[in-house]
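# Descriptive analysis of the structure
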Amino acid sequence: MGYSRKIGRRDFLKLAGGGLAGAMMLGVAGCGGGGGGGQGGGESGPIRIGALLTLSGPYATLGESIRNGMETFLRLNDNQIGGREVEVRYEDSEGDPQVALRVYRQLTGQNAVDFLMGPVISTEALALANRLQRDRIILINSNAAANDLSWGQKSDYSYRVSQSNYQLGAAGAPYIFENIGKRAFAIGMDYVAGYEVIEAFRLAYQEAGGEVVGSAFSAPGTADFATYLTNIRRAEPEVVFSFLSGTDAIRFIQQYDSFGLKGEIPLIGHDQLASPTVTDPAGEAAEGVMAVSFYYPNLENETNQRFVEAYRNEYDQSPDTIACQGYDTGNVIARAVEEAGGTEPDALIEVLRGISIDSPRGSFTIDPETNNPVQNYYVGENVREGGSMDVRIIDTIEDVGMPAEPPEGYNPTGG
Amino acid sequence: MDLSAVAVQVLAGLTYGMLLFMISVGLSVIFGLMGIVNLAHGVFFVVGAYVAFSVLGAGANFLVALVVAMLAMAVLGTFVERVLLFRSYGDELGQVLLTFGLAFIIADIIKMIWGNRLQSLPTPALVDFSVSLGGVTFPAYRLVVVLVGCLLAVLLWYLESRTRIGAIIRAGVDDRQMVAALGINVTLVFTGVFAFGAALAGLGGVLGGPVLGMYPDMGFEILVLSLIVVVLGGLGTWKGAFVGGILVGMVEIFGQAYFPSLSLVIVFLLMAGVLLVRPAGLFGRSPAA
């Protein structure tokens, strides 16, 4: 997905829609006014949840997966939380912080929701961060992974059910050092998350005793990885760690194979490298590629079996990590409302700190130091079973959290 | 600089350049001949790849899928030219809006039929191995793409300079009315060229499938690059598309390697530089004085 060079529909629409959006914003500011309280719902009547998700553009599939996961949770719970009906209002934030702010005003002003869920994109989450406190709105962060949301921008009103970029990079590093190789090459996408993930990997891998012998950052939408693959070969690593998603992951996996690296140097990355959205189109080239993820659809626990079955029945495909995050967004809201006995923000904050959740991923706990989950990660390998690609879970890395502040030497600039 | 790395980059740049050539040549010749900026051309590339994807899924081999996809694109091209574009000849803004709108519609139809997920074509088994030569490892399939691009260039050279149809097209680029006055059915020639250009976009899509993959909105991305190729090389000539494609391909790959965050800027800088020296592009003729 070429964010950097998409001079197509999005820009065109932006031009066309710019004037219109401006006009609408004035209108919303006019009637929304001061905002103020988020407790419009009171303690009876339906629980109202405002979902701020990317439902169009290159990140639309992520927003849809979160929505599908959330809907699955509600279907399995008769659309009720703490004995009350649930109303979810889904709004498209388009991956744009400005739009996210407009949607936020709409959801908290006119619609007076009890909870916010989303967003998908970290810049949207950062744009919302200080408003939550002011308006006393609790956000269950369903995806945005920027580390700073748990560090400098941490808020009592925001709790993450996904993972941070720090965890994405660091979770598998000690395992990789001990079991796969002592010299690693790291490749990530050339944007903020890429730098945060690769930097976390570098620190954790060095801590474990390994050496990162080279790193690269490819522009999102890179068609040809020939140069990177040549550089990888020249650096002679024992393992390659990747943080690439979507088409980039598919192309990388395929070219890793066609340039002859697959048999020689093991390739491991985050959950995308074992997600059917990547491994199906990548075909045979994905066989043997490994991933570190907090969720796979074939995890064996009761909650997951129920989740996967309900999800497959409705959407005709297996849930991925993103869908699991959507499910757990509902899950966390339900547990918090039940334990707090209502939707009063202060009571909710008390129970959300340190809450433990029985999730399809196994159980996880929200660490009150970071408002970020402490969870198990699983090492998986793509294996071919009866013609289709499946993930075999090789190992479990237990209770992975993140530090409460940036560790010494943390410098995610790629330099 | 390591020689083997440079060799791989040259080959990768050539592969990419040949794919750009296959897409741009149709765009360029159609523009030169008929004065039509077909902004749906990039989408033709993607549809070609998806058609091949379905044909392969039905169990056919790669060559069959390639031929079917090219034929399908020729049919689609004929339809677009005869039924839709025909009405807008002489109305440039109308053509731009029509073809751009068409691109959106086709992209949405792709989403309806094949879904929004990223797909990719498998590398044909026959050439699914890599070649090692003097410390350089390179996938054989990409060499095939380069070879096909060169063969296409030879074919176009032959068609242009040695055949009657080539002479008609050359004449048509210069003076449409004169050719018509000679009793040649220009309408038919136009339709034929349009269909041929669409089929070549399909060829690029299918050959690019195993390397680049495909997704519904990819056509817009490809369109920008092929417009650059056309402007760089000069309108209306296959030579321009050939040299422009290779140049842009090389600049993309080398830019990625040495100035990763500037790679697209460098392509535009190259274009600006060429236009300063040769305002009509490398092989384009200067605008009539």
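Note that the coordinates shown come from a computational prediction; the quantities given were computed from them, not determined experimentally.

So, how was this worked out
- Residues numbered from 1 in each chain as written.
- Chains lettered and ligands numbered in written order.
- Predicted model: local features only at pLDDT ≥ 70, side-chain atom pairs only at ≥ 80, totals over all residues.
- Heavy atoms only, no water.
- Helix = DSSP H or I, 4+ residues; strand = E, 2+ residues; numbered from the N terminus.
- Buried < 20%, exposed > 50% of the residue type's maximum accessible area, 1.4 Å probe, protein only.
- Contact = heavy atoms within 4.5 Å.
- Lys, Arg positive; Asp, Glu negative; His and termini not counted.
- Charge placed at Lys NZ, Arg CZ, Asp CG, Glu CD.
- Domains from an automatic or database assignment.
- Buried area = accessible area lost by both parts, 1.4 Å probe.
- Salt bridge = Lys/Arg side-chain N within 4 Å of Asp/Glu carboxyl O.
- UniProt positions renumbered as here; feature names shortened; annotations may be inferred.
- Pairing = 2+ DSSP bridges.

### Here's the deal with the overall build of chain B
Tallying secondary structure elements over chain B gives 11 helices and 2 strands in all. When the helices and strands of chain B are placed in sequence order, the string is α-α-α-α-β-β-α-α-α-α-α-α-α. Principal-axis analysis of the C-alpha atoms places the extent of chain B at approximately 60 × 50 × 35 Å. Within chain B, the proportion of its 289 residues that are buried is 54%. Taking contacts inside chain B between residues at least 6 apart in sequence as the whole, the part at least 24 apart equals 76%. Of the charged side chains in chain B, 12 are positive and 12 negative, and the gap between their average positions amounts to 8 Å.

### Here's the deal with the domain arrangement of chain A
Residue and element names in this part refer to chain A. We note that the domain assignment places domain 1 (47–163 + 299–368) and domain 2 (166–293 + 377–400) within chain A. One C-alpha centre belongs to domain 1, the other to domain 2; they are set 28 Å apart. Tallying the contact residues gives 9 residues for domain 1 and 9 residues for domain 2. Interface area, domain 1 with domain 2, both sides summed: about 880 Å², of which 51% is carbon and sulfur. If you sort the residues of domain 1 by the area they bury against domain 2, Asn147, Gln163 and Leu299 come out on top, with a joint share of 56%. In this assembly, domain 1 and domain 2 are joined by 0 salt bridges.

### So, the UniProt feature "domain: Leucine-binding protein" (unreviewed entry) in chain A
Mapped onto the present numbering, the UniProt feature "domain: Leucine-binding protein" (unreviewed entry) falls at residues 46–381 of chain A. Summarising residues 46–381 of chain A: 43% helix, 23% strand, and an end-to-end C-alpha distance of 44 Å.

### Description of the pairing of strand β15 (residues 388–400) of chain A
If a strand is regular, its side chains alternate between the two faces of the sheet. Residues and elements named next belong to chain A. The sheet contact formed by strand β14 (residues 372–385) and β15 spans 10 bridges and is antiparallel. The partner of glutamate 381 across the bridge, within β15, is arginine 392. A loop of 2 residues connects β14 with β15, the two strands running antiparallel in sequence, and glycine 386 in this loop sits at a positive phi of about 55°.

### Observations concerning the environment of arginine 306 of chain A
Residue and element names in this part refer to chain A. Its place among the elements puts arginine 306 in helix α11 (residues 302–315). Overall, the relative accessible area of 44% leaves arginine 306 in the partly exposed class. Between the alpha carbons of arginine 306 and glutamine 133 there is a distance of 36 Å; along the sequence they are 173 residues apart. Residues in contact with arginine 306, not counting those within four places in the same chain, are Leu76 and Tyr327.

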